[in-house]
Amino acid sequence: MTVGALEQIQIETMTVLSKLFTAGQNVALVDFPNHENAGDSLIYLGELAYLARLGLQTGYVADHSRYNPDHLRRLVPSGPILLHGGGNFGDRWTDFQDFRERVISDFPDREIIQLPQGIEFSEGPALQKAQLVLGAHPALTLLIRDHASVARTKELFPSAKVLFCPDMALGYGKVETVPAPEVRLLILQRRDSESANAGNPITARNSDSHTETDWGLTGLWKLQARVLKVPGAILKRLPKLAVPFHGIQQRCYLAQAQLNVKHAISILGSGELVATNRLHATVLTVLMGRPVIALDNANGKISAIIRDYLGRLSGVYYASSVDEAHLLIAEHLDAKVSA
């Protein structure tokens with residue numbers, strides 16, 4: 001049986017991961033993305049899928065505000081500590097980097113594995129601090145999700161084990177149930193500091209059937225998310241209960257991530273064609289079997305990952321500029337009309 005492009009990327013990921021773990025190990029996974037960014041939720045669910053395939057037990061999960069090193073030691077007294085993957089390894093998103101360095105400093109006696117990240121550092125105090133903290137750890141593995149960043153990471157952190165590993169969001173797998181499209185074009189784009197086109201957004205131009213949006217829960221979706229955060233808020237206020245009731249917290253985390261991704265599928269599925277400058281909107285659209293036009297972000301992570309492996313999947317169209325994105329949108333919509 002022929003192995004598809006997605007399955008091949010998953011096999012390559014499992015090949016890397018299988019060399020780092022032993023089946024049956026109990027691991028901790030910290031830096032849970034306790035927010036509404038569906039891309040980070042997709043990564044988290046992909047991580048859980050890979051860990052399950054590896055036969056690992058996840059005995060402790062925590063976000064920034066609920067992380068407690070003593071609780072981690074009680075629930076996972078030995079074995080690797082995993083740091084959630086994504087795109088915040090560097091000096092752009094300082095809260096996440098500070099937390100990463102805190103965990104690494106808290107556990108000099110434990111193996112720490114950073115799950116696949118991109119890297120973005122400028123010369124300066126933040127880089128110097130990171131080099132000091134990471135360089136002092138004797139058992140640190142950094143998994144990096146694009147080849148260019150692997151070279152950069154090895155240069156900056158020579159004492160760490162640095163390995164290439166595809167973005168773990170792809171472990172989520174194909175989306176089997178996709179809503180029927182409501183519009184011809186769905187534009188989903190970020191306008192924060194990672195956007196390379198904040199002042200020149202992708203627009204619908206000639207399409208009178210389109211929607212423009214970004215990640216974020218609304219209405220009943222948001223209400224459900226708030227309800228799921230109640231147990232965590234209670235356990236944070238009553239830390240003595242955090243360990244015995246940690247399973248409840250883990251189930252709430254899982255439900256939050258699933259809610260975010262389900263909402264994202266409802267958004268992206270509303271368009272026959274998706275245009276975006278978000279990496280994981282690109283990934284999720286491809287997993288849904290819909291065509292997507294992807295515009296790069298400020299640090300080039302989208303083009304790097306498309307070049308390295310995401311471009312193997314059918315339906316991915318890379319635009320090197322907003323003008324090219326508009327041309328690709330027009331070509332695709334015109335082709336659908338002609339068909």
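Everything numeric in this text was worked out from a predicted model, so none of it was measured.

1. Remarks on the overall build of the chain
Within the chain one finds twelve helices and twelve strands. For 339 residues, the compact-globule estimate of 2.2 N^0.38 gives 20 Å, and the chain sits close to it at 20 Å. Principal-axis analysis of the C-alpha atoms places the extent of the chain at approximately 65 × 45 × 45 Å. In the chain, buried positions account for 53% of the 339 residues. Long-range pairs, those at least 24 residues apart, make up 77% of the contacts in the chain with a sequence separation of at least 6. Counting only carbon and sulfur atoms, one obtains 54% of the accessible surface of the chain, whose full area is about 14700 Å². Both charge centroids of the chain, one from 33 positive and one from 34 negative side chains, sit 7 Å from each other.

2. Topic: the sheet that holds strand β9 (residues 210-213)
The five strands lie next to each other as β9-β8-β10-β11-β12, forming an open sheet whose pairing is parallel. The sheet is open, and its two edges are formed by β9 and β12 (316-319), each paired on a single side. With strand direction ignored, the average angle separating the axes of adjacent strands in the sheet is 20 degrees. In terms of strand pairing, strand β10 (residues 271-276) meets strand β11 (residues 292-295) through three bridges, oriented parallel. What sits directly across from V274, in β11, is V292.

3. Describing helix α11 (residues 301-308)
The element α11 is largely enclosed, with a buried count of seven among its eight residues. Among all positions of α11, only K301, I302, S303, A304, I305, I306 and D308 are buried. Structurally, α11 contributes buried residues whose contacts are with α6 (147-156), β7 (161-164), α10 (279-287), β11 and β12.

4. Notes on the nonpolar core
Counting 56 residues, the largest nonpolar core has F21, L170 and L268 as its most contacted members. For L268, the residues in contact, after removing those within four places along its chain, are L186, L188, W215, V274, A281, L284, T285, M288 and R290. Within the second largest apolar cluster, 29 residues are counted, among which are F99, V103, L127 and L142.

5. Digging into the side chain of N277
Among the structural elements, N277 can be located in the loop between β10 and α10. Of note is the side chain of N277, whose polar atom sits 2.7 Å from the backbone nitrogen of R190.

6. Description of the pairing of strand β1 (residues 26-30)
Residues in a regular strand point their side chains to alternate faces of the sheet. For β1, the buried fraction is high: four of the five residues fall into the buried class. Where β1 meets strand β2 (residues 57-62), five bridges bridge the pair, whose relative direction is parallel. Paired with N26 across the two strands is Q57, which belongs to β2. In this fold, the crossover linking β1 to β2 by way of helix α2 (residues 38-53) has right-handed handedness. As defined by bridge partners, β1 adjoins strand β3 (residues 81-83) across three bridges and the pair is classed as parallel. Paired with L29 across the two strands is L82, which belongs to β3.

7. Let's talk about the packing of α2 against helix α9 (residues 246-268)
The geometry of α2 relative to α9 is characterised by a closest axis approach of 8 Å and an angle of 125 degrees between their N-to-C directions. For the element pair α2 / α9, the angle class is oblique. α2 and α9 meet at a crossing whose hand is left-handed. Where α2 abuts α9, its residues A38, S41, L42, Y44, L45 and L48 lie against Y253, L254, A257, Q258, N260, V261 and A264. Looking at the contact of α2 with α9 residue by residue, the classes come out as ten nonpolar, three polar and no charged.

8. Regarding empty space enclosed by the protein
This structure, assessed with the given rule, holds one cavity of 30 Å³ or more. One number sums up the size of the largest cavity: a volume of about 30 Å³. N34, D63, R66, L228, K229, G232, Q249, Y253 and Q256 together form the lining of the largest cavity. No other element matches α9, which puts three residues into the lining of the largest cavity. Here the residues of the lining of the largest cavity sort into two nonpolar, four polar and three charged.

9. Examining unusual backbone geometry
Phi is positive for D31, close to 75 degrees, though the residue is something other than glycine. Note on placement: D31 falls in the loop between β1 and α2.

The rules behind the values
- Residues numbered from 1 in each chain as written.
- Predicted model: local features only at pLDDT ≥ 70, side-chain atom pairs only at ≥ 80, totals over all residues.
- Heavy atoms only, no water.
- Helix = DSSP H or I, 4+ residues; strand = E, 2+ residues; numbered from the N terminus.
- Rg over C-alpha atoms; globule rule 2.2 N^0.38 Å.
- Buried < 20%, exposed > 50% of the residue type's maximum accessible area, 1.4 Å probe, protein only.
- Contact = heavy atoms within 4.5 Å.
- Areas by Shrake-Rupley, 256 points an atom, 1.4 Å probe, with all protein chains shown as cover.
- Lys, Arg positive; Asp, Glu negative; His and termini not counted.
- Charge placed at Lys NZ, Arg CZ, Asp CG, Glu CD.
- Pairing = 2+ DSSP bridges.
- Axes fitted to C-alpha atoms, helices over the stretch in contact; angles between N-to-C directions.
- Core = buried A, V, L, I, M, F, W, Y, C linked by side-chain atoms within 4.5 Å.
- Polar contact = N/O pair within 3.5 Å; in protein donor to acceptor, adjacent residues only side chain to side chain.
- Right-handed = clockwise from strand over helix to strand, strands pointing away.
- Parallel < 35°, antiparallel > 145°, perpendicular 65-115°, else oblique.
- Left-handed = near helix turned anticlockwise from the far one by under 90°.
- Nonpolar A, V, L, I, M, F, W, Y, C, P; charged D, E, K, R; others polar.
- 1 Å grid on protein atoms, 1.4 Å probe; cavity = no way out; pocket = protein on both sides within 12 Å on 5 of 7 lines; lining within 4 Å.
- Points joined across faces, edges and corners; volume = space filled by probe spheres on them.

All quantities given are derived from atomic positions and should not be read as evidence of function.
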